[in-house]
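Single-letter residue listing:
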Amino acid sequence: GIGDGHVSVSYQLIPEKENKLSLTGNIKTTIPTGEKNPSNIKSENEYDLPVGDGTFALGLNIFARKIVFPYSFSGYVAYTHNFSGTKVFRTLADSEKEFKMGNLFETGLSGNLHLNEWIVFGNEINFYTERKGEIEGSESDLLPASWAISYETGLIFQVHRFRLG
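As a convention, each chain's residues are numbered from 1 in the sequence order in which they are written. Residues qualify for local features only when their pLDDT is at least 70, as the model is predicted, and side-chain atom pairs are given and counted only at 80 or more; totals for whole chains, interfaces and linings, by contrast, use all residues. Based on all heavy atoms of the structure, the side-chain values leave hydrogens and waters out of the count.

### Structural notes on the pattern of salt bridges
For side chains of opposite charge, pairing can occur when their charged atoms come near one another. We count it as follows: Whenever a carboxyl oxygen of Asp or Glu lies within 4 Å of a side-chain nitrogen of Lys or Arg, that contact is scored as a salt bridge. Strands here mean DSSP runs of E at least two residues long; helices mean DSSP runs of H or I at least four residues long; both are numbered from the N terminus. The cut-offs for exposure are 20% and 50% of the maximum accessible area for each residue type, with area from a 1.4 Å probe on protein chains only; residues under the lower value are buried, those over the upper are exposed, and the others partly exposed.
Evaluated as defined, the whole model comprises 3 salt bridges. When the shortest N-O distance is used, the salt bridge between Arg65 and Glu16 registers 3.7 Å. With Arg65 in strand β3 (residues 57-68) and Glu16 in the loop between β1 (5-14) and β2 (22-31), this pair connects stretches of sequence that are 49 residues apart. Residue Asp141 is joined to Lys132 by a salt bridge in which the shortest nitrogen-to-oxygen separation is 2.8 Å. Classification of Asp141 by relative accessible area gives exposed; the value is 66%.

Rendered as structure tokens:
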């Protein structure tokens, strides 16, 4: 099925100029358009998972970038606030329960080396953390807290405005 919808608006607050970095702000709204409850339930362990979360969310993101050829540097900070909603958590339960997923914080830094006009060697480190969610006003292990740190490296090829990473 179709999952939740997302609408995003970005605006470049500070355009990049010589000796200055660029700064872009972004606001993202998540709209719960996907099915939020399990379906086709045959037993406690045999059912179709829902494709949506069942809640609205609002995210804010700030992205900065600076190019000092042949290097480029960027970083971002993002925060997503999840609103309350209702859905079924136990497949054989008859009623939906009020819940709130944990809010999310993300940040990352990248440093890239432009090997020539069309090949870039990229390096990025990211950190993500999500708070524990609540069901009917109490923290629940069904919506656990989580965190992750990742490092990514790779090559990015660019021909005109087309990029392949």
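This is not the end of the story, as more comes after the structure.
### Focus on the packing of aromatic side chains
The line we're drawing: Any pair of Phe, Tyr and Trp rings, taking the six-membered ring for Trp, is counted once the centres come within 6.5 Å. Such a pair is stacked with planes under 30 degrees apart, edge-to-face with planes over 60 apart, and tilted for the rest.
Applying the stated criterion to the full structure yields 3 aromatic pairs. Centre to centre, the rings of Tyr71 and Phe73 are 6.4 Å apart; their planes meet at 25 degrees, and the pair counts as stacked. Residue Tyr71 is classed as partly exposed on the basis of its relative accessible area of 42%. Accessibility expressed as a relative area gives 42% for Phe73, which makes it partly exposed. On the basis of an interplanar angle of 40 degrees and a centroid distance of 6.2 Å, the ring pair of Trp118 and Phe157 is categorised as tilted.

### Some points on a nonpolar patch on the surface
Applicable threshold: A patch is a set of surface residues, each over 30% in relative accessible area and not in a salt bridge, joined within 9 Å for like charges and within 5 Å for the nonpolar side chains Val, Leu, Ile, Met, Phe, Trp and Tyr. With residues, only the protein chains shown are counted as cover, and all accessible areas are computed by Shrake-Rupley using a 1.4 Å probe.
Together, Val7, Ile27, Ile31, Phe56, Leu58, Leu60 and Phe83 give the surface a local cluster of nonpolar side chains, amounting to about 600 Å² of exposed area. Elements that contribute at least two residues to the nonpolar patch include exactly β2 and β3. Tracing the backbone shows Leu58 in strand β3.

Everything listed is a geometric property; what it means functionally is a separate question.
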